[in-house]
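Coordinate inspection notes
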Amino acid sequence: MSSMENEFLEKIEKHKGVIFKISKMYMDDQDDQNDLYQEIIYQAWKSYSDFQRKSDFSTWLYRTALNTAIVFLRSKKKRSFIQNQQIENLAVQQEPYNDTDDRNMKLMYEAIQQLSPIDKALIFYFLEDFPGKEIARQLGITEVNARVKMNRAKTKLKEIIEKKKTQI
């Protein structure tokens, strides 16, 4: 393995939780989450040689992962008839995540999946404690616009959660 491959795998290992969270936010089915997880790693590896190190690796990975998730979500809708096709596993392993005992977490992820791709990205940034300035920079909008969009996304999420709670 080359030093670049080792460096990449070490960084992915360090930030795999972020990839897992995005996969879980954008896909509700476990197989789809695994597919998206692998797709994010694949896309990150494909573009890693172009990573200019002007920002932190984690910032670059967030952007790559979110863009991949949005594209994957769109393509998943277009190609839903090929769900049974096998996808080759990458060498990077993800930690199992057990949320069966955590009803609130499950409810939150289910609610997040009902949001638009942009709202999902905003909620992800919020959950990761990104400052408003960084969210604006990542999304290419003004800080005021980012705050307005964030508040709207949080309101939508709260409404969805409250509606789901009344259905239980």
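Let me sum up the structure you'll find in this document. Position numbers for residues start from 1 in each chain and track the written sequence from start to end. Local features in a predicted model are, by the rule used here, given only for residues with pLDDT of at least 70; side-chain atom pairs are given and counted only at 80 or more, and totals for whole chains, interfaces and linings are based on all residues. Hydrogens and water molecules were not included; the side-chain quantities draw on all heavy atoms of the structure.

1. Topic: the overall build of the protein chain
- The secondary structure content of the protein chain amounts to 8 helices and 0 strands.
- The helix and strand labels rest on DSSP assignments: H or I over at least four residues marks a helix, E over at least two residues marks a strand, and numbering proceeds from the N terminus. Each helix and strand of the protein chain, ordered N terminal to C terminal, gives the series α-α-α-α-α-α-α-α.
- Relative accessibility under 20% of the residue-type maximum defines a buried residue, over 50% an exposed one, and the middle range a partly exposed one, all with a 1.4 Å probe and only protein chains included. Split into buried and exposed, the 168 residues of the protein chain put 39% on the buried side.
- Here a residue-residue contact requires only that any non-hydrogen atoms of the pair lie within 4.5 Å. Within the protein chain, contacts between residues at least 6 apart in sequence are counted, and of these 71% link residues at least 24 apart.
- For the protein chain, the exposed area adds up to about 10,700 Å²; of that, 48% sits on carbon and sulfur atoms. Accessibility throughout is a Shrake-Rupley quantity obtained with a 1.4 Å probe, and a residue counts as covered only by protein chains that appear here.

2. Thoughts on the pattern of salt bridges
- Salt bridge, as used here, is a side-chain nitrogen of Lys or Arg placed within 4 Å of a carboxyl oxygen of Asp or Glu. Using the criterion set out here, one finds 8 salt bridges in the structure.
- For the salt bridge of glutamate 7 with lysine 11, the shortest nitrogen-to-oxygen distance reads 4.0 Å. Here glutamate 7 pairs with lysine 11, and both are found in helix 1 (residues 3–14), just 4 residues apart, close to one helical turn.
- With a relative accessible area of 29%, glutamate 7 lands in the partly exposed category.
- For arginine 137, the salt bridge is made with glutamate 134, and the minimal N-O distance between the two is 2.9 Å. Taken as a pair, arginine 137 and glutamate 134 lie in helix 7 (residues 132–139) at a separation of 3 residues, close to a single helical turn.

3. Thoughts on the side chain of aspartate 119
- Relative to the assigned elements, aspartate 119 resides in helix 6 (residues 117–127).
- Classification of aspartate 119 by relative accessible area gives buried; the value is 8%.
- Ignoring anything within four residues of it in the chain, the contact list for aspartate 119 reads Ala153 and Lys156.

Everything listed is a geometric property; what it means functionally is a separate question.
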